[in-house]
Amino acid sequence: MKTKNKLSACFVLSLVFTMMACADLEVENPNNPDFNQVLGDNNQLPGVVSGAWNTWYYLESGPGAMTLAAIADQLAGSMNNFNVNLYSSEPGGVRNGINNSPTAANNEVVNDGWDNAYSSIAGARDILRIISDPEERILSGSTDITEMVRANCLMLLGLNYGYLANLYDRTFMIDETIEDPTLMEFPLDQNYNEVLEFALSKLDAAIAIFNASTFSIPGGWLNTPNALTSAQLAAIANSYAARFIALNARTAAENAGTDWARVKSYAQKGITEDFIIVGTGFDTPWVHQYTIFGTLTGWGRVDQRIVSLFDPSQPSSYPLDGTTDLGPANTDDERINTDFEYIATQWANPERGYWHFSNYRYKRLDPNGSSYTGPHPFMRKAENDLMLAEAIIMTTGPDATAAGLINNTRVDRGQLAALTGSESKNVMLNHLFYERDIELLLTGSTISFGDIRRRDMMKPGSPLQMPVPGKELELLNQPIYTFPPAE
Amino acid sequence: MLLLCSQSQAQELTVSGLVTSAEDGLPLPGVNVVLKGTTQGTTTDVDGKYSLSVPSSESTLVYSFIGLATTEIIVGGRTIIDLQMESDVTQLSEIVVTGVGDATSTKKLTISVGKINENLIEQVPALNAASALQAKMAGVRVTSAGGGPGSSPDIRLRSATSIAGSQAPLIIIDGVISESGLSSINSNDIETIEVVKGAASSSLYGSRAGNGVINIITKRGSNLAIGQTEVVVRNEYGFSELPRTIPINTSHNRFVPDGQTLDYSVHSTVTTDQIMDEKFTTFNNYQEDLFDPGSFYTNYIRVANRTENTNFSVSIENQQQDGVVFLSDGYARRTARLNADHYAFKGKLMVSASAYFSQANEDVIPTGDGSVLFDLVKLPPNQDVFAVNTEDGSPYKWQLNPSDPTAINPLYAIANRDIRDVTKRSMVNLGATYSFTDWLKLEAAYGRDDENYSRKDIIDNTWLPIPGSIETTGQVGRETATTVGETFRVNLFGSRTFGDFSTGLRLSYLKEDYEFDEWGFTGNNITFPGLFDPDALQQAGPDSNIDYPFVLAGYAETRRAENYFAVFNADYQDKYLIDALIRRDGSSLFGENERYATFYRLSGAWRISEDFSINNVEELKLRAAYGTAGNRPPFLAQYERFTVNGGYLQTGNKDLKREISKELEFGLNASFLDRFNLEINYAVANTEDLILSLLLPRSIGGGFEAKVENAGSMRSEVFEVSLNADLVTKGSFKWNAGVVFDRIRSKMTQLNASFIRMGPNPNSDRGQGLFYITEDNVYGEMWGNVFLKDFSQLQPEQNPDNYVHNSDGFLVLKSTIGTVNEAPITALNETGQPLYTKIGDSNPDFNVGFNTMVSWKGLSLYGVLDWKEGGDVYNQTKQWMYFNAGTHGDQDMSGVPQEKKKPSGYYQNGLYNANNGVDYFVEDGSWLKLRELALSYTLNRSTLSNMGIDFIREIRIGVLGRNLFMLTPYTGYDPEVARGSSETSASATSSNDAGGDASIFAYDGFNYPNFRTYTGSLTITF
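Residues numbered from 1 in each chain as written. Chains lettered and ligands numbered in written order. Predicted model: local features only at pLDDT ≥ 70, side-chain atom pairs only at ≥ 80, totals over all residues. Heavy atoms only, no water.

J.: Would you explain the overall build of chain B in this entry?
T.: Looking only at helices and strands, chain B features 10 helices and 51 strands. What you see for chain B is a C-alpha radius of gyration of 31 Å, in line with the 31 Å of a compact globule of 1022 residues. Overall size of chain B, expressed as C-alpha extent along the three principal axes, is 105 × 70 × 65 Å. Here chain B holds 1022 residues, and the buried ones make up 61% of them. Contacts spanning at least 24 positions in sequence make up 70% of the contacts within chain B whose residues lie at least 6 apart. Carbon and sulfur atoms make up 55% of the accessible area of chain B, which totals about 37200 Å². (Helix = DSSP H or I, 4+ residues; strand = E, 2+ residues; numbered from the N terminus. Rg over C-alpha atoms; globule rule 2.2 N^0.38 Å. Buried < 20%, exposed > 50% of the residue type's maximum accessible area, 1.4 Å probe, protein only. Contact = heavy atoms within 4.5 Å. Areas by Shrake-Rupley, 256 points an atom, 1.4 Å probe, with all protein chains shown as cover.)

Pasting the structure below:
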């Protein structure tokens, strides 16, 4: 019996010691890479560039763009997703201003641009800091792609800061030369012109590298149908530079002071074909939400202001008397048939105000289907043409070249009478803005917003720019402010 | 150690005897007779007799039986010991095993350990083990945040001890650390639940026990008499229904020309006054269509047996809860359990095994924003949800409101989207205990908890072409997750008596391994209806422009820990008790510079009644304990994290430590007048190093969204009272009652950030939660805007002459009163922004639970009442209903006096407040609930014998109700509502909104409402 007891005790003890191996408490996170994995290995840097491009894509195609277009009376809708209803309603004839409270619901229009721009900037800046050491080279196979990566990062800084310069009143200008951004002071006395210049300097630096080299970036970086060449990237950078200058003005007075010669210079080197990015559908990295919510059945329609451009006999704002059908627009412009769809009934909830009513929806992008997959024009050649035309008109006055640039869409797509260049400056500009309003829908997120404010056409109470997001101000220990400013 | 094994064989003698009941003198079978300090023992047989060999005449025998006072007798050379056992009025002599070094009588506890026995659980067996605790113990808050069938309530013990993490206590089931909650644990198997609240009591469990510990012990065969076989067959059948619905607006304000009926797709004009007082000619409250009483049943069989050296208990349970949603199959669960113990070598070696398997199948009803429960209450109520679709003749016409493309007929959604969850779980514990002597034993055990979860979320390609829904081509979602938690434990127990001193020592080692692995897949474009394998999906769509992407997602965690601890306890003449413990935990979840953490406790008690005789007081004890316990960081917290495509998420923190709660507890236990049993606890806990995800400014923060730091402290005060009383015992008439009370206050005391926002909000953006925490706040404060009600709220720029009170008491613009533009206005702060201030507090003033049992002969009536006083609820469901089509009954102006009628914009543009938090939607969440009610009749053995039935020991017939009745000022389905941990994935640890706490985040956001259940039950024991 005693032996058995000992045996059983030994059994328990041996069990104990078998299992009592020392625990290894070092555990890796298999879900996310860390700094060393992402930025410590130069082979991984191209992936960061691709990610920064994708974040910038969200900046220009996210749902906040729908809200900007609604504020700019280009699109209309009564849904309050992204505060479309709130910020495009006009109780008592005055637009609701921006609620910049850190807890404001559905505030993508204020928050997303800022967050995405700085997320994209962070990746580009970190890479520029790494390769500012001449010893650090990035190889693709045996090819040194350091300069290609550098040019892309500079272009990303330019595109993001250009966006910030045109939408926000203030911006932290952070690039690879800033050692520790956390020590930066809040830019209280900054003018958005300074940010524009900062953005242009980055685009110029990128363009210089594109022009000095020949390469193609991987198609996956921007999900373009074909790999973009350095020449194509230079053209795209030039067109964006032109857009940023053209749209930087907050008022008509500022617009008169815009450096149109510089716009002309950039636009002359701009794109000669549409800049296309391929959408990959819901829940994927390349989804153009602006288009989805701007055109989908039940969601966005075209604002009555656009309809009245086609048919000046129609009011420029939808009547607030309970009218539900203004009838089809009477126009010679063929695009009313090819690009727009007349719908006699309303989707908008009348209880949320008649401001959101419209009888037209934009159908030009319908071939992409309801999930908006497939090639999507991200910047149209028409935009570059029209910027060049405007620059010509604003610097040397109307001429046949400017008329020809406007006619590219006016005649070819709209089948309207050609302009000759002998029209007055104002007539030419009206025709030009008509083209901008009708041709550039659902491309750049700030186009309609920028065009309306630089013509002083914003409805009373509308914001002319976005404040630094309230939730960012709160973290920066700055007072919350908004636009239009509180009285 | 082997030397120790061989010294204990001297002077063995055999003791035998008869154990009877003091109450009726009848023999008591199944009484445990154990040699004190060991696992060696026996039980009385069917005739109440026992026989046991003991090592010496100094040995002490411990006699215990549920409901009777445990008695200790020193053998003293006797060979026959007969005993009459008294009923345990005070329950003070119960044995507990949780939070203490070794099994300890409650009399000798220096800390507070709550215990619920089978007799309280079996009256109305809870649908799961968590619900069994509801309203039965002070300081235990059980919140059923989403009442869907199969959902497990959230449990919080005393105060919150974590902000970013969960408040879920550590759960141990038959020795196994549970890694997957309690929803799959059937309560018919439970013998006792022990609850250790607060850090002073839970220090033994170190860095896992900051939230306290719940220890569940299931039934074994060890309580039976030797040779006895017990068979229990229990069947319960009934139904569930929704107690109340949300009021729906029966009127509208659409202009409908004479002779026409309202059609939302045509009539897009509102009436001139915009007042919703035009009655719908057709009105359907869809809640009456969607909520449909469902059946409920449980079948349970348990067979247990005990022989001299072996006992076992096997059980199976089959439970079906249909829930209350039409077309839903609800929740079905099957469980099986085997518990077995075997003694060898004269009882020196005990081998013990517990195995549990469960499978739960759930037909999931999506809840929350945008779900069927959202559409249910915001669609205009003039449609027929049973109409057929014009497209294909299928039932439940999908489009009920052309103005709202996102809202589809909830019945269509439920009928055509099939979400099935299957959760399989197994828990195994294998242990061996060797008693070297009557004062030294070694225990080793291996425990394992496996869970395999899978979800199929399928929409066939017959889904109609709803705008914007990619599901038109069909959609298949698959998800699987496996969780494996393993523990290995070694405990060495020693106990010796030196004169008047009794001492105990435990040395322990605990090793933990945890693996979690999940992956998911979503694909579209089902080629053939009914074929849902990923293989059967096409990536290229019918239109060559369109690719239907397959979306894959995965997540994995590994956690390891090793812990060492020692517990020492001593007492002098059973009067003065002390207890000390120290624990050292190493965890892979701690930052690499802080891999180990230390916890400790020192506690003591004085049994005054042993020193002084006080009239009518049988027992009086004062306790004090100071101890620490903690919580481990979530898995991702310590790591620097980027997304794979270079996005920036979180900075890393190698210095991340455990959260630590330091609690000082004072307690009093008293038994008096032979019928009352009182426990009072007062505890103050300082929780430090709270793990918080702090947002970084996106601009100058280097692109990172957040950093995780030990960044805050919180102080909590807890006051608990429990009183149990045998009010009347007269012959066969007995009435006993218990009342539990608690009052809990928590406040932030330090925060290394100016603020944190937590919890749910309508648009779920990071850092926008309704709950606002600063260094001066109470955890649970809701912050938001307030509507103007008083002139004192106006800012100097706001001219008081322009404002006037309207009929609802709001201060509105004079120019708008009586017009379509009349609307409440939010107060502004001095910078002209909407004022952001405290609007509510979810912490109740106090909680009271009350249970009572009245029995007369075989008849008994049992009830549990749950009273929560105060504690606000944010009614987001109502807020959202104010906007969309104005469906809430509050907006129904038909029948309202003309001067009080308000236009629709009053609600949609005013009170709705653009869906931002505002005081108007904060409601008092007090409740009084009748949680459990049972009326039963028991035929006992003698009655049955008289009827000539010998083979049945007991028959019990009962009528049971759960959540039968509720009194509340709250206007939604139920103030017991929250959006917390159950709504967020375990892997979402990048923000503070991850874990969350259902007892804090009292937020009504289209949850599955709690329902009531009526059943009949029949239990037969053979």
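Once you've had a look at it, read on.
J.: I would appreciate a short explanation of the overall build of chain A in the present structure.
T.: Looking only at helices and strands, chain A features 20 helices and eight strands. Seen through its principal axes, chain A has C-alpha atoms that stretch 115 × 55 × 45 Å. Here chain A holds 487 residues, and the buried ones make up 63% of them. If you take every contact in chain A between residues at least 6 apart in sequence, the share linking residues at least 24 apart comes to 70%. For chain A, the distance from the average position of its 33 positive side-chain charges to the average position of its 57 negative side-chain charges is 3 Å. (Lys, Arg positive; Asp, Glu negative; His and termini not counted. Charge placed at Lys NZ, Arg CZ, Asp CG, Glu CD.)

J.: How should I be thinking about the pattern of salt bridges in this particular structure?
T.: Opposite charge on two side chains lets them pair, provided their charged atoms get close. This model, assessed by the stated rule, comprises 88 salt bridges over all chains. Salt bridges sharing partners connect three or more residues here, namely A:Asp333, A:Arg335, A:Asp339, A:Arg364, A:Arg413, A:Glu435 and A:Glu439. (Salt bridge = Lys/Arg side-chain N within 4 Å of Asp/Glu carboxyl O.)

J.: Could you clarify how one ought to interpret the sheet that holds strand β16 (residues 213-218) of chain B in this entry?
T.: Note: strands within a sheet are paired through backbone hydrogen bonds, in either parallel or antiparallel orientation. All names here are of chain B. Judged by pairing direction, the sheet is mixed, and its five strands sit side by side in the order β10-β15-β16-β13-β14 without closing on themselves. Whereas interior strands pair on both sides, the edge strands pair on one side only; in this sheet they are β10 (113-117) and β14 (176-177). Relative to β16, strand β15 (residues 190-196) runs antiparallel, the two sharing six bridges. Residue Glu 194 lies in a different strand from β16, and its bridge partner there is Asn 215. (Pairing = 2+ DSSP bridges.)

J.: Help me out: how do you make sense of the pairing of strand β4 (residues 275-280) of chain A in this one?
T.: Regular strands place side chains that alternate from one sheet face to the opposite one. Residues and elements named next belong to chain A. Only one face of β4 is covered, namely the one carrying Phe 275, Ile 277 and Gly 279; the face carrying Ile 276, Val 278 and Thr 280 has none of its residues buried. Bridge count between β4 and strand β8 (residues 373-379): six bridges; the pairing is antiparallel. Paired with Gly 279 across the bridge in β8 is Gly 374.

J.: Even after reading the chapter, I still don't get the packing of helix α16 (residues 381-395) of chain A against helix α18 (residues 425-439) of chain A, so can you show me in this structure?
T.: Helix-helix packing: each pair is described by the crossing angle between the helix axes and the interaxial distance. All names here are of chain A. Contact pair α16 / α18: the axes reach a minimum separation of 10 Å and the direction vectors enclose 165°. Overall, the two elements α16 and α18 adopt an arrangement that is roughly antiparallel. Crossing of α16 over α18 shows left-handed handedness. Contacts between α16 and α18 involve Glu 383, Leu 386, Met 387, Ala 389, Glu 390, Ile 393 and Met 394 on the former and, on the latter, Lys 425, Met 428, Leu 429, Leu 432, Phe 433, Glu 435 and Arg 436. (Axes fitted to C-alpha atoms, helices over the stretch in contact; angles between N-to-C directions. Parallel < 35°, antiparallel > 145°, perpendicular 65-115°, else oblique. Left-handed = near helix turned anticlockwise from the far one by under 90°.)

J.: What exactly am I supposed to notice about the environment of B:Ala556 here?
T.: Within the fold, B:Ala556 resides in strand β28 (residues 551-572). Judged by relative accessible area, which is 19%, B:Ala556 ranks as buried. Between the C-alpha atoms of B:Ala556 and B:Phe635, which are 79 residues apart in sequence, the distance is 9.6 Å. Not counting residues up to four positions away in its chain, the partners in contact with B:Ala556 are A:Pro30, A:Asn31, B:Phe516, B:Asp517 and B:Phe635.

J.: Help me understand the environment of B:Tyr973 in this model?
T.: Residues and elements named next belong to chain B. Within the secondary structure, Tyr 973 sits in the loop between β49 (954-967) and β50 (1003-1004). Linking Tyr 973 and Asp 102, residues 871 residues apart in sequence, is a C-alpha distance of 46 Å. Discounting residues that sit within four places of it in the chain, Tyr 973 has contacts with Leu 242, Arg 244, Thr 245, Ile 246, Gln 287, Phe 291, Leu 376, Val 377, Met 966, Asp 1004 and Pro 1009. For Tyr 973, the side chain forms a polar contact with the side chain of Gln 287, separated by 2.9 Å. (Polar contact = N/O pair within 3.5 Å; in protein donor to acceptor, adjacent residues only side chain to side chain.)

J.: Can you walk me through the sheet that holds strand β7 (residues 83-85) of chain B in this structure?
T.: All names here are of chain B. A sheet is described by the order of its strands in space; here three strands give the open sequence β4-β1-β7, paired in mixed fashion. Single-partner strands in this sheet number two, and they are β4 (49-54) and β7. Across the sheet, the mean angle from the axis of one strand to that of its neighbour is 35°, orientation sign disregarded. By the bridge criterion, six bridges tie strand β1 (residues 13-21) to β4 in an arrangement that is antiparallel. Directly across from Val 15, in β4, lies its bridge partner Leu 52.

J.: I keep staring at the nonpolar core and nothing clicks. Help me out?
T.: As a rule of thumb, nonpolar side chains are buried together in soluble globular proteins. The biggest cluster of nonpolar side chains holds 115 residues, and the ones touching the most others in it are A:Trp56, A:Met155, A:Tyr161 and A:Phe275. Residue contributions to this core peak at 14 residues, all from helix α7 (residues 146-167) of chain A. When residues no more than four places from it in sequence are discounted, the contact partners of A:Met155 are A:Trp53, A:Leu203, A:Ala206, A:Phe210, A:Leu233, A:Ile236 and A:Ala237. Among the nonpolar cores identified, the runner-up in size contains 75 residues, and B:Val324, B:Trp398, B:Leu811 and B:Tyr906 belong to it. (Core = buried A, V, L, I, M, F, W, Y, C linked by side-chain atoms within 4.5 Å.)

J.: Where do I start with helix α3 (residues 45-61) of chain A in this structure?
T.: Along an α-helix, a turn takes 3.6 residues, which lines up residues three or four apart on a common side. With 17 residues, α3(A) ought to run about 24 Å at 1.5 Å a step, and its terminal C-alpha atoms sit 25 Å apart, in line with that. Among the 17 residues in α3(A), 15 count as buried, and that is most of the element. (Expected span 1.5 Å × (residues − 1).)

J.: Would you mind going over the side chain of A:Arg453 with me for this structure?
T.: All names here are of chain A. Here Arg 453 shows up in helix α19 (residues 447-453). Salt bridges are absent for the buried Arg 453, whose nearest opposite-charge side chain, Glu 254, sits at 7.2 Å. Once residues lying within four places of it in the same chain are set aside, the contact partners of Arg 453 are Asn 166, Leu 247, Asn 248, Ala 249, Arg 250, Thr 251, Ala 252, Met 458, Leu 464 and Gln 465.

J.: What should I look at first to understand helix α10 (residues 230-246) of chain A in this one?
T.: The end-to-end C-alpha separation of α10(A) is 24 Å, in line with the 24 Å expected for 17 residues at 1.5 Å each. Burial of α10(A) is extensive: 15 of the 17 residues sit out of reach of the surface.

J.: Before we go on, may I ask you to explain unusual backbone geometry in this structure?
T.: Among all residues except glycine, the phi angle is most often negative; among peptide bonds, the trans geometry is most common. The step from A:Phe483 to A:Pro484 runs through a cis peptide bond, and the omega angle for that step is -10°. Looking at the element boundaries, A:Pro484 is found in the segment after α20 (470-475). A positive phi angle, near 70°, is found at B:Leu327, a position not held by glycine. Owing to a relative accessible area of 36%, B:Leu327 belongs among the partly exposed residues under this scheme.

J.: Is there a simple way to explain the packing of aromatic side chains in this structure?
T.: Within a pair of aromatic rings, the relevant descriptors are the distance that separates the centres and the angle that separates the planes. Residue and element names in this part refer to chain A. Under the definition given, this model contains 68 aromatic pairs over all chains. Their ring planes at 75° and their centres at 6.0 Å tell us that Phe 310 and Tyr 434 sit as a pair that is edge-to-face. One end of the pair, Phe 310, is in helix α14 (residues 304-310); the other, Tyr 434, is in helix α18, with 124 residues separating them in the sequence. Accessibility assignment for this pair places Phe 310 and Tyr 434 in one class, buried. (Phe/Tyr/Trp six-rings, centres within 6.5 Å; stacked < 30°, edge-to-face > 60°.)

J.: Honestly, a nonpolar patch on the surface in this entry has me stumped. Any pointers?
T.: Residue and element names in this part refer to chain B. Where nonpolar side chains cluster on the molecular surface, the patch consists of Trp 856, Leu 859, Leu 861, Leu 935, Tyr 937 and Val 959 and spans about 560 Å² of accessible area. Broken down by secondary-structure element, the contributors of at least two residues to the nonpolar patch are β45 (859-869) and β48 (927-939). Structurally, Leu 861 can be placed in strand β45. Its relative accessible area of 40% is what places Leu 861 among the partly exposed residues. (Patch = residues over 30% accessible without salt bridge, like charges linked within 9 Å, V, L, I, M, F, W, Y side chains within 5 Å.)

J.: Which parts of the structure should I look at to understand the packing of helix α8 (residues 192-212) of chain A against α10(A)?
T.: Residue and element names in this part refer to chain A. Between α8 and α10, the least distance of the axes is 9 Å, while the angle of their chain directions is 165°. Classified by the angle their axes make, α8 and α10 are roughly antiparallel. α10 is crossed by α8, and the crossing has left-handed handedness. When α8 is examined against α10, the residues Leu 196, Leu 200, Leu 203, Ile 207, Phe 210 and Asn 211 are found in contact with a partner set consisting of Ser 230, Leu 233, Ala 234, Ala 237, Asn 238, Ala 241, Phe 244 and Ile 245. Broken down by class, the residue content of the contact of α8 with α10 amounts to 11 nonpolar, three polar and no charged. (Nonpolar A, V, L, I, M, F, W, Y, C, P; charged D, E, K, R; others polar.)

J.: Looking at this model, I keep getting lost on the pairing of strand β26 (residues 475-498) of chain B. Mind explaining?
T.: All names here are of chain B. When strand β25 (residues 440-459) meets β26, the two strands line up antiparallel, connected through 20 bridges. The residue bridging Lys 441 from the neighbouring strand is Phe 493, located in β26. Where β26 and strand β27 (residues 501-524) come together, 24 bridges link them in antiparallel fashion. Bridging across to β27, Gln 475 finds its partner in Asn 524. Two successive antiparallel strands, β26 and β27, enclose a turn made up of two residues, where Gly 499 displays a positive phi of approximately 60°.

J.: Explanation requested: the side chain of B:Ser202 in the structure shown.
T.: As for its position among the elements, B:Ser202 is in helix α3 (residues 199-202). Not counting chain neighbours up to four residues away, the residues in contact with B:Ser202 comprise B:Val196, B:Ala209, B:Gly212, B:Val213 and B:Ala629.

J.: How do you make sense of the environment of B:Leu182 when you look at a structure like this?
T.: All names here are of chain B. Note that Leu 182 resides in the loop between β14 and β15. In this structure, the C-alpha to C-alpha distance between Leu 182 and Glu 976, residues 794 residues apart in sequence, is 19 Å. Contact partners of Leu 182, with chain neighbours within four places excluded, come to Asn 128, Ala 129, Ala 130, Ser 152, Ile 155, Ile 171, Ile 173 and Ile 216.

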